[in-house]
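Coordinate analysis (summary)
As a plain string of letters, each chain reads:
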Amino acid sequence: GAVVSQHPSWVICKSGTSVKIECRSLDFQATTMFWYRQFPKQSLMLMATSNEGSKATYEQGVEKDKFLINHASLTLSTLTVTSAHPEDSSFYICSAGAPKGGNQPQHFGDGTRLSIL
Amino acid sequence: QKEVEQNSGPLSVPEGAIASLNCTYSDRGSQSFFWYRQYSGKSPELIMFIYSNGDKEDGRFTAQLNKASQYVSLLIRDSQPSDSATYLCAVRRGMLTFGGGTRLMVKP
């Protein structure tokens with residue numbers, strides 16, 4: 001089945017640090033990838049849709065200057081949390097699948113647990 | 001009204017019983033429907049997807065779709081303690097929209 005690899009799986013860093021998370025589709029080309037955030041005991045919240053070769057689409061309330069997304073190739077999207085603060089501590093999960101309108105399922109990476117001290 | 005609604009639970013069933021998880025959605029144009037399982041601290045994993053009205057079976061899992069009623073369900077037969085997790089219903093029309101999830105507890 002489709003595999004999505006996410007790295008790193010766990011990050012602990014000081015406040016003010018910028019953190020980059022990578023999401024790779026290993027056995028298929030993903031023109032669209034998605035970034036989610038999940039706080040403890042809450043549901044997934046879509047942050048942004050990453051489109052290969054174009055700007056990401058951010059959900060309402062998500063600061064695009066703080067959460068920088070780059071989707072430079074069909075197999076790699078990156079999320080950079082700039083100047084991270086303790087309130088950014090969360091579980092970040094990427095997924096990849098069919099572009100809009102497709103019926104294929106999305107597959108998730110293993111997630112990145114971000115802890116900002 | 002939320003686009004995809006699930007009872008948050010917890011739904012508690014004894015080992016060996018059938019667990020029934022339900023999901024309703026608001027967009028009649030929704031085309032595809034997915035069930036994901038998420039263990040605590042882990043990312044969601046796809047269990048089943050269904051596109052057409054009726055039932056779709058895969059091992060102990062059966063997905064049921066009724067587009068007229070805008071209702072999709074997941075049945076888990078012979079529930080095991082390892083099935084204890086949060087089950088996320090997701091609906092796609094263009095974008096994929098997730099419900100809040102139902103926490104299932106299977107007691108030995």
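For the structure itself, look to the data block above.
Below is a short write-up of the structure. Just so it is clear, the model here is predicted, and its values are computed rather than measured.

Concerning the pairing of strand β6 (residues 54–58) of chain B
Both faces of the sheet carry side chains from a regular strand, because those side chains alternate between them. Residues and elements named next belong to chain B. Here β6 runs beside strand β7 (residues 61–66); their pairing, made up of five bridges, is antiparallel. Residue pairing across strands places K56 opposite A63, the latter belonging to β7. Two successive antiparallel strands, β6 and β7, enclose a turn made up of two residues, where G59 displays a positive phi of approximately 65°.

Observations regarding the pattern of salt bridges
All names here are of chain A. With the rule as written, the count across this model stands at six salt bridges over all chains. Ionic pairing is found between K66 and D88, a salt bridge with its closest N-O pair at 2.9 Å. One end of the pair, K66, is in the loop between β6 (57–58) and β7 (67–73); the other, D88, is in the loop between β8 (76–81) and β9 (90–97), and 22 residues separate them in sequence. Each member of the pair, K66 as well as D88, carries the same accessibility label: buried.

As for the pairing of β7 of chain A
Both β7 of chain A and β8 of chain A contribute to a ladder of five bridges, which runs antiparallel. Looking at the pairing, N70 of chain A lines up with T78 of chain A of β8 of chain A.

Some words on the interface of chain A and chain B
Across the contact, 24 residues belong to chain A and 20 residues belong to chain B. Of the roughly 1,600 Å² buried between chain A and chain B on both sides combined, carbon and sulfur atoms contribute 57%. The interface formed by chain A and chain B includes zero salt bridges. At the junction of chain A with chain B, the criterion picks out five residue pairs in polar contact (both at pLDDT 80 or more). Among the elements that line the side of chain A that touches chain B, the one with the most residues is strand β4 (residues 32–38) of chain A, at three residues. Residues of the side of chain A that touches chain B, tallied by class, amount to 10 nonpolar, 11 polar and three charged.

Observations regarding the environment of P81 of chain B
All names here are of chain B. Tracing the sequence through the fold places P81 in the loop between β8 (71–76) and β9 (85–93). Taking the C-alpha atoms as reference, P81 lies 6.3 Å from P108; in sequence the two are 27 residues apart. Each residue touching P81, except ones within four places of it in the same chain, is listed here: E15, V106 and P108.

Here's the deal with the environment of Q42 of chain A
All names here are of chain A. Mapping Q42 onto the fold places it in the loop between β4 and β5 (45–51). Looking at Q42, the relative accessible area reads 44%, which means it is partly exposed. In this structure, the C-alpha to C-alpha distance between Q42 and I21, residues 21 residues apart in sequence, is 21 Å.

Digging into the sheet that holds strand β3 (residues 19–25) of chain B
Spatially, β1-β3-β8-β7-β6 (chain B) is the arrangement adopted by the five strands of the open sheet, whose pairing is antiparallel. Where the open sheet ends on each side, the last strands, each with one partner, are β1 (4–5) and β6 of chain B.

What about the state of the cysteines?
Residues and elements named next belong to chain A. Here the structure, examined in full by the defined rule, presents two disulfides over all chains. Across the disulfide, C23 is cross-linked to C94 (sulfur-sulfur distance 2.0 Å). On the S-S bond that ties C23 to C94, the torsion sits near 80°, and the link is right-handed. Of this pair, C23 sits in strand β3 (residues 19–25) while C94 sits in strand β9, and the two are 71 residues apart along the sequence. The exposure class assigned to C94 is buried, which follows from its relative accessible area of 0%. Its sulfur unpaired, C13 is 18 Å from the next cysteine sulfur, which belongs to C94.

Considering the layout of surface pockets
In this structure, the largest pocket spans a volume of roughly 1,300 Å³. Looking at the largest pocket, it is lined by 47 residues, and the ones nearest its centre are Q38, Q42, S43 and L44 of chain A together with G100 of chain B. Sort the elements by how many residues they give to the lining of the largest pocket and strand β10 (residues 95–98) of chain B lands first, with four residues. Looking at the lining of the largest pocket, its residues break down into 19 nonpolar, 19 polar and nine charged.

Here is what the cut-offs are and how they apply
Residues numbered from 1 in each chain as written. Chains lettered and ligands numbered in written order. Predicted model: local features only at pLDDT ≥ 70, side-chain atom pairs only at ≥ 80, totals over all residues. Heavy atoms only, no water. Pairing = 2+ DSSP bridges. Helix = DSSP H or I, 4+ residues; strand = E, 2+ residues; numbered from the N terminus. Salt bridge = Lys/Arg side-chain N within 4 Å of Asp/Glu carboxyl O. Buried < 20%, exposed > 50% of the residue type's maximum accessible area, 1.4 Å probe, protein only. Contact = heavy atoms within 4.5 Å. Buried area = accessible area lost by both parts, 1.4 Å probe. Polar contact = N/O pair within 3.5 Å; in protein donor to acceptor, adjacent residues only side chain to side chain. Nonpolar A, V, L, I, M, F, W, Y, C, P; charged D, E, K, R; others polar. Disulfide = S-S within 2.5 Å. 1 Å grid on protein atoms, 1.4 Å probe; cavity = no way out; pocket = protein on both sides within 12 Å on 5 of 7 lines; lining within 4 Å. Points joined across faces, edges and corners; volume = space filled by probe spheres on them.

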